[in-house]
Amino acid sequence: MHKGARPVLSVNQLSKAFSGKTVVKDVTFELYPGEILALVGENGAGKSTTKNMLCGLLTPTLGQIFVEGEEVPEIQGVEQGISAVHQELSLFPSLTVAENLCINDLPGSALNVDWHETQRLATEQLAFLGVEIDILANVESLGAGKQQIVEIAKASMHANKILILDEPTTSLTVPEREKLFSIMRMLKERGVAMIFISHFMDEVYAMADKFVALRDGTQVGTGYLKDVPRRELEALMVGRAIGESAFDLHKPSEKIALSINNLSSHRFDKVSLAVASGEILGIAGLMGAGRTELVESIFGIRAASGDIYIDNEQVSPASVSKMKKKGVVYVTEDRRKNGMFSGRSVKENSSAAGLSYFVKQLVKGLGFSGEREAVARLSQDMNVSTPSIDASVRQLSGGNQQKVLLGRWLATKPKICILDEPTKGVDIGAKFEIHKKIVAFAKQGVAVIVVSSDLQELLDVSHRIMVMRTGHMVGEFERENFDAVKIISLAASSVHEQSQQVAS
Amino acid sequence: MKLNNYKFFEQNWSAIAVATLVLCVFLTIASPAFMSFANMQSVLVQASVTAIMAVGMTYIIIGGGIDISIGAILFFISSVFAELFVATGSYPLALGVSLITGVLLGAVNGFLAIKFKVTPLITTLATYTIYRGMAIHLTGAQNIPVPREIGYLGNGSFLGIPVPILLMVLVTILGVYLIQKTRFGLYLRAVGSSEESAHESSLPIMRVTVLAYLIGGLTAALAGLILIARVGGLQSDIGIGLEFTVIAAVILGGTKLSGGSGSILGSVIGAIFLVLIDNGLNMLNASPYVYDTVRGIVLLVAVIVDRLSEVRKSRELIKNSAMKMRGTTS
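These numbers come from a predicted model, not from an experiment. (Residues numbered from 1 in each chain as written. Chains lettered and ligands numbered in written order. Predicted model: local features only at pLDDT ≥ 70, side-chain atom pairs only at ≥ 80, totals over all residues. Heavy atoms only, no water.)

Caption draft 1: Summary view of the overall build of chain A. From N to C terminus, chain A includes 17 helices and 22 strands. Put simply, chain A has 504 residues, and 57% of those count as buried. Taking the intrachain contacts of chain A between residues at least 6 apart in sequence as the baseline, contacts between residues at least 24 apart amount to 69%. Summing over all exposed atoms, chain A offers an accessible surface of approximately 21,500 Å²; the carbon and sulfur share of this is 50%. (Helix = DSSP H or I, 4+ residues; strand = E, 2+ residues; numbered from the N terminus. Buried < 20%, exposed > 50% of the residue type's maximum accessible area, 1.4 Å probe, protein only. Contact = heavy atoms within 4.5 Å. Areas by Shrake-Rupley, 256 points an atom, 1.4 Å probe, with all protein chains shown as cover.)

In structure tokens form, the structure reads like this:
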């Protein structure tokens, strides 16, 4: 296939460790001019770290890198003709398209920038990519799709050898995505090699020539996509034995605790679901599928239209205070930003939401003696390992912080509990304990919704899993029919293949 | 203008220009004395100090910062000038040292603001106190009369045009040039637009930011010299509250406090507009005690109108993207 050509990039056993802990191990591949390599793996498989090593943001701990046959200690980026388009755009919103494209290499002198030349270069670059964008428009006035294209135009202006694209299609509409793909094909023809990171398997198969699959930080496979059927690749990514789950779940009651009907906002569309008391409903999907937005709307943080019923009583439009009164709690995905009072003690963090419950238990007078006792009991209950309940919550590990946060809300004796990524950044041991708590909790009759990017977690604790993709519910699985590969491919196919109807 | 890169520039200052024009028409009708050559000249001379400082402040705000110590810089520079001139009798020496000191004080603000990542509002609140304290220490809080020679800066004229107006025009032209034609101008707007992106593009963030604050210090120094020349001496309350008038002028001129874009010309017109309000109230025999209130109300109305148009724009954007999403996925 590459007679006589030499790889533009070749890496051998690239590894990265942070403070002794290996996060990426043994990434090995060769990339030839005009080739597209797909870097695939689940969330947290090590794609970002690998990408950052390949675009020069991180220096590998081990391994060799050859750029056009020459061994280099690390990737330099633009100087070697390598450039990356990251998920977060690196454009300047209030500058024009032309200014954004040329800012790294302005024509003219420092005291007299040649704007005519700038505009000519920008026009030329956009014409080459075959896109029509007003070069004098401010970037912030463009839609997400056009911004993405400007970003790619900018990156490929400076990198003529390798372009790294990290999830470039997540915020794009279908026509915009097609535009992007035609640009990629054009660059491919020009001999630019690309590393394409995507969750969407059909995109990978449509665009890429070869793949590198990562799982838990290790390269688990590489090869040409034409030799590997999609199912096989997906199984490679998921990897784990999909079988007996860790928990023997109880049977939930028949009584519907929470139901929503045709809930819509600009991030999701006509979502309907119902959760029974004692049931654990998992919501699976990729980042950006609208899961967090959905549960935030249910909890009343974000505006949405549609009906929400609690115990068959209409409560929409939802507001946080109304939901709290109805016994709904929401444990946020980002505990550091939205959940923890990070300078305060374990005690205060635990009791912040349930203070009224503790105070009620006081026999007489004021004071917080009830709080100490209750928090001590709660901490023990939740198995929080802390030197004392007066210790600052900042000193605790992520897992223990999460337990404190869960305990805080569970202490309010909720009826409906929404958990967004309940074990994000938590080690395996604590994860299992948190899962146990969630199951025990549901057993007491609480309806639980768990949003998670960790599919294994959902498979372990859920009675039922619903799959969300680009703002739509696209599938539903009962526990006896759980199929990890099916769920992943449903969450990750970008075009609506035969989407299952959602039963509400 | 078609091939020029400054679409932003056309948009930002148009509102204040129209408002100024309307105000002028109104005052011309309301008061016959308004549209006289003498009054116009006096308005522009009065506006020159604020306008020159507003040019510097626009740089700082475009770069995503703010500097509330410029009134204190102005006071300190004036003190340095007065003390040095009285002590040595050398006009060029005093002038040179004053301007260089202005540059240094501004640069210190910029360095502190960017280096330690403390909100520039807090950083410059601290330097405001320090600079004013240093000036009080230097002068012993005494009023110092300035010799006649420097009166030229404030009261002299060249080819029949008052020197403060000439300096204002000069600073404006230089200011517009720097932001429009130089690499620094683009980098400054870039840094103010997104510091993370600037970091990723490895733009010289530190240099650009310090330069913006430095220009702020320099314009404050120049404005200080004009002010004491016009007043004929240094008083210890000079420049108090001036930073807020300057910031008001910049905001009225269409520059956003969020940084990234702005208009030098708008700021200058904003400064003139504020003087026109005073002038008009004076012409209409309003009580001098209502001036501040009126100025405040004007600023409030301006920012609310601006905010409403922003909100409308972003609503449309969200609506459009939502429609797009439905259109392609259902």
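Caption draft 2: Region of interest: the overall build of chain B. Within chain B, the secondary structure is distributed over 14 helices and four strands. A compact globule built from 330 residues should have a C-alpha radius of gyration of about 20 Å, and chain B, at 21 Å, falls within 12% of that. Judged by the C-alpha coordinates and their principal axes, chain B covers about 80 × 50 × 40 Å. A buried classification covers 50% of the 330 residues belonging to chain B. In chain B, of all internal contacts separated by at least 6 residues, the share reaching a separation of at least 24 is 79%. Roughly 15,200 Å² of accessible area belongs to chain B as shown, and the carbon and sulfur atoms make up 69% of that amount. The distance from the centre of the 20 positive side-chain charges to the centre of the 14 negative ones in chain B is 11 Å. (Rg over C-alpha atoms; globule rule 2.2 N^0.38 Å. Lys, Arg positive; Asp, Glu negative; His and termini not counted. Charge placed at Lys NZ, Arg CZ, Asp CG, Glu CD.)

Caption draft 3: Layout of the environment of B:Gln180. Checked against the element boundaries, B:Gln180 lands in helix H8 (residues 163-181). Note: C-alpha distance between B:Gln180 and B:Ile264 (84 residues apart in sequence) is 9.9 Å.

Caption draft 4: View of the packing of helix H5 (residues 91-115) of chain B against helix H6 (residues 120-139) of chain B. Residues and elements named next belong to chain B. Across the interface, H5 lies against H6 with an axial gap of 9 Å and an inter-helix angle of 145 degrees. Between H5 and H6 lies a crossing of right-handed hand. Side by side, H5 and H6 meet where Leu-105, Val-108, Asn-109, Leu-112 and Ala-113 of the first sit next to Pro-120, Thr-123, Thr-124, Thr-127 and Tyr-131 of the second. Split by residue class, the contact of H5 with H6 holds six nonpolar, four polar and no charged. (Axes fitted to C-alpha atoms, helices over the stretch in contact; angles between N-to-C directions. Left-handed = near helix turned anticlockwise from the far one by under 90°. Nonpolar A, V, L, I, M, F, W, Y, C, P; charged D, E, K, R; others polar.)

Caption draft 5: Representation of the domain arrangement of chain A within the structure. Residues and elements named next belong to chain A. Domain annotation of chain A identifies domain 1 (1-81 + 159-239), domain 2 (93-158), domain 3 (252-327 + 414-504) and domain 4 (340-413). When residues of domain 3 are sorted by the area they lose upon contact with domain 4, Pro-414, Glu-433 and Lys-437 head the list and together hold 44% of the total. For the pair domain 3 and domain 4, the number of links is one salt bridge. One salt bridge connects Glu-433 with Lys-403, and the closest N-O pair in it is separated by 2.9 Å. For the interface between domain 3 and domain 4, the tally reads two residue pairs in polar contact (both at pLDDT 80 or more). Secondary structure elements with two or more residues in the side of domain 3 that touches domain 4: strand E19 (416-420) and helix H15 (428-443). Counting residues per element, the side of domain 3 that touches domain 4 draws most heavily on H15, which supplies five residues. Each residue belonging to the side of domain 3 that touches domain 4 can be placed in one class, and the counts come to eight nonpolar, one polar and five charged. (Domains from an automatic or database assignment. Buried area = accessible area lost by both parts, 1.4 Å probe. Salt bridge = Lys/Arg side-chain N within 4 Å of Asp/Glu carboxyl O. Polar contact = N/O pair within 3.5 Å; in protein donor to acceptor, adjacent residues only side chain to side chain.)

Caption draft 6: Up close: the sheet that holds strand E18 (residues 328-331) of chain A. Residue and element names in this part refer to chain A. The six strands lie next to each other as E18-E19-E20-E15-E21-E22, forming an open sheet whose pairing is mixed. Of all the strands in the sheet, the pair left with one neighbour each is E18 and strand E22 (472-478). On average, each strand axis in the sheet is tilted by 20 degrees relative to the strand beside it, whichever way the strands run. Where strand E21 (residues 464-469) lies against E22, six bridges are found, and the strand directions are antiparallel. The partner of Ile-465 across the bridge, within E22, is Phe-477. (Pairing = 2+ DSSP bridges.)

Caption draft 7: Focus on the nonpolar core. In this structure, A:Leu163, A:Met184, B:Met53 and B:Tyr59 are the most contacted members of the largest nonpolar core, which totals 139 residues. A per-element tally of this core places helix H11 (residues 205-231) of chain B first, with 13 residues. Taken domain by domain, the makeup of this core includes at least three residues from each of domain 1 (1-81 + 159-239) and domain 2 (93-158) of chain A. Ranked by size, the runner-up nonpolar core spans 42 residues in total, among them A:Phe247, A:Ala284, A:Ala484 and A:Ile487. (Core = buried A, V, L, I, M, F, W, Y, C linked by side-chain atoms within 4.5 Å.)

Caption draft 8: Region of the structure containing unusual backbone geometry. All names here are of chain A. Even without a glycine there, the phi angle at Asp-311 is positive, about 50 degrees. Relative to the helices and strands, Asp-311 is located in the loop between strand E16 (305-310) and strand E17 (313-314). The phi dihedral of Thr-470 is positive, around 35 degrees, even though this residue is not glycine. Among the structural elements, Thr-470 can be located in the loop between E21 and E22. We classify Thr-470 as partly exposed; its relative accessible area is 32%.

Caption draft 9: Molecular detail of helix H1 (residues 47-54) of chain A. Residues and elements named next belong to chain A. In terms of burial, H1 is a largely internal element, seven of the eight residues being buried. Within H1 the residues assigned to the buried category are Lys-47, Thr-49, Thr-50, Lys-51, Asn-52, Met-53 and Leu-54. Of the residues trailing H1, Gly-56 is marked for its positive phi of about 95 degrees.

Caption draft 10: Fine view of the UniProt feature "transmembrane region" (unreviewed entry) in chain B. All names here are of chain B. Within the UniProt annotation, "transmembrane region" (unreviewed entry) is assigned to residues 12-31, 93-114, 158-179, 210-228 and 259-277. Within the segment residues 93-114, helix and strand shares are 100% and 0% respectively, and the terminal C-alpha atoms sit 32 Å apart. For residues 259-277, the helix share is 74%, the strand share is 0%, and the end-to-end C-alpha distance is 27 Å. (UniProt positions renumbered as here; feature names shortened; annotations may be inferred.)

Caption draft 11: Representation of the packing of aromatic side chains. Scanning all chains against the criterion turns up seven aromatic pairs over all chains. Ring centres of A:Phe299 and A:Tyr330 lie 5.5 Å apart, and the angle between their planes is 40 degrees; on these two criteria the pair is classed as tilted. Of this pair, A:Phe299 sits in the loop between helix H8 (291-298) and E16 while A:Tyr330 sits in strand E18, placing them 31 residues apart in sequence. Each member of the pair, A:Phe299 as well as A:Tyr330, carries the same accessibility label: buried. Pairing B:Phe81 with B:Phe85 gives two aromatic rings, centres 5.8 Å apart and planes at 5 degrees, and the pair type is stacked. Of this pair, B:Phe81 and B:Phe85 both sit in helix H4 (residues 70-88), four residues apart, which is roughly one turn of the helix. The exposure classification of B:Phe81 matches that of B:Phe85, with both residues buried. Counting every residue linked through ring pairs, the aromatic cluster contains B:Phe81, B:Phe85 and B:Tyr91. Directly above the ring of A:Tyr224 sits A:Lys226, whose terminal nitrogen or CZ lies 5.0 Å from the centroid. (Phe/Tyr/Trp six-rings, centres within 6.5 Å; stacked < 30°, edge-to-face > 60°. Lys NZ or Arg CZ within 6 Å of the ring centre and 35° of its normal.)

Caption draft 12: Fine view of the sheet that holds strand E13 (residues 256-264) of chain A. Residues and elements named next belong to chain A. Strands sit in the order E14-E13-E16-E17 across an open sheet of four strands; the sheet is antiparallel. Every interior strand has two partners, whereas the edge strands, strand E14 (271-276) and E17, have only one. Where E13 meets E16, five bridges bridge the pair, whose relative direction is antiparallel. Bridge pairing in E16 places Ile-260 opposite Ile-308. In the packing of H8 onto the sheet, the strands contacted are E13, E14 and E16, and the crossing angle to E13 comes to about 115 degrees.

Caption draft 13: Structural view of helix H17 (residues 484-492) of chain A. All names here are of chain A. Taking burial as the measure, the nine residues of H17 include eight buried ones, the bulk of the element. All of the buried residues along H17 are Ala-484, Val-485, Ile-487, Ile-488, Ser-489, Leu-490, Ala-491 and Ala-492. Turning to H17, the residues buried within the fold contact helix H6 (201-207), helix H7 (230-238), strand E15 (280-285), helix H16 (455-461), E21 and E22. In this structure Asp-483 caps H17, since a side-chain oxygen of it lies 3.1 Å from the backbone nitrogen of Val-485.

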